[in-house]
Amino acid sequence: MPLHGGRVPQWLGQRMARLGGIIAQAIIHHYGRDEFLRRLAHPFWFQSLGAVIGMDWHSSGITTSVIGALKRGLAPVSHELGLHVCGGRGRHSRRTPDELLSVAERTGGDATAWIRASRLVAKVDSAAVQDGFDLYLHGFFVTDDGRWTVVQQGMNGTQRLARRYHWLSEGLRSFVETPHAAIEGRQQGAIVNLTDQRAAPSRQGQLELLGDLGPDRIVHEVSRLRGGRTPLVTDTPFLPHLVMPEHHDVRPADVVLRRLHGALAAAAQCGPQDFADLLLVPGVGARTVLSLAQVAEVVHGAPCRFSDPARFSLAHGGKDRQPYPVPVAVYDRTISVMKAAVAAAKLGNEERLDAIRRLDRQARRLERHATGPALPDFIAQERRRSHEYGGRSIFGHEPPPTLEMEREG
């Protein structure tokens, strides 16, 4: 991901925390805590979650923002859910052991094991994987029964890039041999990765060097080996990967258009009448249902559905007006609908939350044959109507379009 600075404005950050927390609750309600941890460990889904809650869809800041939003949004219900978010960026990452200890005291969990895992994960990604990226973010998600996911991020200041590292305790057999759920980043050439299974002889050799030779002999061996050629590894299997582009705008190549058209068609068919009546939220029209359809996919979608995370930025825009300003009125209605649906489900009334699931299914069915506007036309229309939706960005509230802009549109 491109390495970006800046801050999320308070008016957006508060909404991201509320919507992120509600999405997490919906997933846990439908599929359980373990499934939510699996989602967090999937880099494509993680990126899509950040985009659907309004963070810049390709920026390094999406990692910080998602972890921060979930930490704030889930804090009031962490005891109820049995899920806790610790750590974060910079000084917050250094507080992770203390936060894990606090969680363990409240829940009876094994603080020693959690803290050991946190430190080992950080040490592996900073020392055993030497790829030119320096760690600066550590997010630790842990459940009452001791399962966890870790999301870390490193930066390469020279190349202005960031890379994410995802860990999942489920199925983890070793911290030092192929332990990652995913390492997501652009190919940087040769790296030192002592966690690769092919590096087992190297790991064993290092232990023998330390035990038998001592530091002076190690220096001698290094000097003797300098100038030797490193064999080129060519048998690395091809894996799906996600590289965020430099461009900030959302382009047709970034979006699977048939999926967008499916969501638009579902919004048109399920919109203003029956869906609004079911959910009992004033002002829910086709535009809000479009956002709900994309939120529903983040809750219910299979992993293969998240190959184009840029598409989810079309739900609630972005703070930098990319792909368009945040439609605050739509965002607030999305939060209201999801909050009401989750609250009702907790009381045993699944009807509203089931409506969200049906919306997702309808969008998938319709995308097989639905047609719609080209992506640039859709984005242009959203920008023209932005003021109607309470459009807002770091540049301020969006004004009505000028007469000249309307003619061009």
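Please refer to the structure placed before this passage.
Scoring rules and cut-offs
Residues numbered from 1 in each chain as written. Predicted model: local features only at pLDDT ≥ 70, side-chain atom pairs only at ≥ 80, totals over all residues. Heavy atoms only, no water. Helix = DSSP H or I, 4+ residues; strand = E, 2+ residues; numbered from the N terminus. Buried < 20%, exposed > 50% of the residue type's maximum accessible area, 1.4 Å probe, protein only. Polar contact = N/O pair within 3.5 Å; in protein donor to acceptor, adjacent residues only side chain to side chain. Contact = heavy atoms within 4.5 Å. Core = buried A, V, L, I, M, F, W, Y, C linked by side-chain atoms within 4.5 Å. Domains from an automatic or database assignment. Patch = residues over 30% accessible without salt bridge, like charges linked within 9 Å, V, L, I, M, F, W, Y side chains within 5 Å. Areas by Shrake-Rupley, 256 points an atom, 1.4 Å probe, with all protein chains shown as cover. Salt bridge = Lys/Arg side-chain N within 4 Å of Asp/Glu carboxyl O. Lys, Arg positive; Asp, Glu negative; His and termini not counted. Charge placed at Lys NZ, Arg CZ, Asp CG, Glu CD. Expected span 1.5 Å × (residues − 1). Pairing = 2+ DSSP bridges. Axes fitted to C-alpha atoms, helices over the stretch in contact; angles between N-to-C directions. Parallel < 35°, antiparallel > 145°, perpendicular 65-115°, else oblique. Left-handed = near helix turned anticlockwise from the far one by under 90°. Nonpolar A, V, L, I, M, F, W, Y, C, P; charged D, E, K, R; others polar. Phe/Tyr/Trp six-rings, centres within 6.5 Å; stacked < 30°, edge-to-face > 60°.

Description of the side chain of Thr334
- Relative to the assigned elements, Thr334 resides in helix H15 (residues 328–346).
- Here Thr334 falls in the buried class, since its relative accessible area comes to 0%.
- Within polar-contact distance, the side chain of Thr334 engages the side chain of His316 at 3.2 Å.
- Beyond its immediate chain neighbours, meaning those up to four positions away, Thr334 contacts Leu19, Thr288, Ser291, Leu292, Val295 and His316.

As for the nonpolar core
- Core analysis: the largest hydrophobic core is formed by 83 residues, its most contacted members being Ile23, Phe36, Leu49, Val52, Ile53 and Leu70.
- The element that contributes the greatest number of residues to this core is helix H1 (residues 10–31), accounting for ten residues.
- Viewed by domain, this core spans two of them, domain 1 (10–195) and domain 3 (252–397), each represented by three or more residues.
- For Phe36, the residues in contact, after removing those within four places along its chain, are Ala24, Ile27, Ile28, Trp45, Leu70 and Leu83.

What about a positive patch on the surface?
- A cluster of basic residues, Arg7, Arg89, Arg91, Arg94 and Arg95, forms a positive patch on the protein surface.
- Topologically, Arg95 is positioned in the loop between helix H6 (91–94) and helix H7 (96–107).
- Since its relative accessible area comes to 39%, Arg95 is described here as partly exposed.

Things to note about helix H16 (residues 351–366)
- For H16, with 16 residues, the first-to-last C-alpha span of 22 Å sits near the 22 Å given by 1.5 Å per residue.
- Within H16, the full set of buried residues consists of Arg352, Leu353, Ala355, Ile356, Leu359, Asp360, Gln362, Ala363 and Leu366.

Section: unusual backbone geometry
- Geometrically, the link from Gln322 to Pro323 is a cis peptide bond, its omega value of 0° lying close to zero.
- Along the chain, Pro323 turns up in the loop between helix H14 (313–316) and strand E8 (326–327).
- With a phi angle near 60°, Arg160 is a residue other than glycine that sits in the positive phi range.

So, the sheet that holds strand E9 (residues 391–393)
- If you walk across this open sheet you meet the three strands as E8-E9-E10, and the pairing is antiparallel. Each edge of the open sheet is held by one strand with a lone partner, namely E8 and strand E10 (396–397).

Some remarks on the packing of helix H3 (residues 43–52) against helix H13 (residues 286–300)
- The interhelical angle for the contact between H3 and H13, taken along N-to-C directions, is 155°, at an axis separation of 10 Å. With respect to H13, the axis of H3 lies roughly antiparallel. H3 and H13 meet at a crossing whose hand is left-handed. From H3, Trp45, Ser48, Leu49 and Val52 reach across to H13, where they touch Gln294, Val295 and Val298.
- The residue makeup of the contact of H3 with H13, split by class, is five nonpolar, two polar and no charged.

Looking at the side chain of Glu99
- With respect to the helices and strands, the residue Glu99 is situated in helix H7.
- A distance of 3.0 Å separates a polar atom in the side chain of Glu99 from a polar atom in the side chain of Lys71.
- Looking at Glu99, its side chain comes within polar contact range of the main-chain nitrogen of Gly87, at 2.6 Å.

A word on the pattern of salt bridges
- Counted by the stated rule, this structure contains 22 salt bridges.
- One salt bridge in this structure joins Arg258 and Glu367, with 2.7 Å as the shortest N-O distance. Here Arg258, found in helix H11 (residues 257–270), pairs with Glu367, found in the loop between H16 and helix H17 (375–384); they are 109 residues apart in sequence, far enough to count as distant.
- One network of salt bridges, in which partners are shared, links Arg258, Arg259, Glu297, Arg305, Asp308, Arg311 and Glu367.

Details of the packing of aromatic side chains
- A complete count under the given rule lists four aromatic pairs for this structure.
- Taking the centre distance of 6.2 Å and the plane angle of 90° together, the rings of Phe36 and Trp45 count as edge-to-face.
- Taken together, a centroid distance of 6.5 Å and an interplanar angle of 70° make the contact between Tyr324 and Phe378 edge-to-face. Pair noted here: Tyr324 is in the loop between H14 and E8 and Phe378 is in helix H17, with a separation of 54 residues, a long-range link.

Some remarks on the pairing of strand E4 (residues 148–156)
- Counting buried residues in E4 gives eight out of nine residues, a clear majority hidden from the surface.
- In this sheet, E4 lies alongside strand E3 (residues 134–143) in antiparallel orientation, the contact comprising eight bridges. Bridge assignment links Val142 to a residue of E4, and that residue is Trp148.
- Count of turn residues in the E3/E4 antiparallel hairpin: four residues, of which Gly146 carries a positive phi of about 90°.
- Here E4 folds back onto strand E5 (residues 161–168) in antiparallel fashion, the turn holding four residues, of which Arg160 has a positive phi close to 60°.

A word on H13
- Taking 1.5 Å per residue as the helical rise, H13 with its 15 residues ought to reach 21 Å, and the 20 Å between its terminal C-alpha atoms agrees with that figure.
- Among the 15 residues in H13, 14 count as buried, and that is most of the element.

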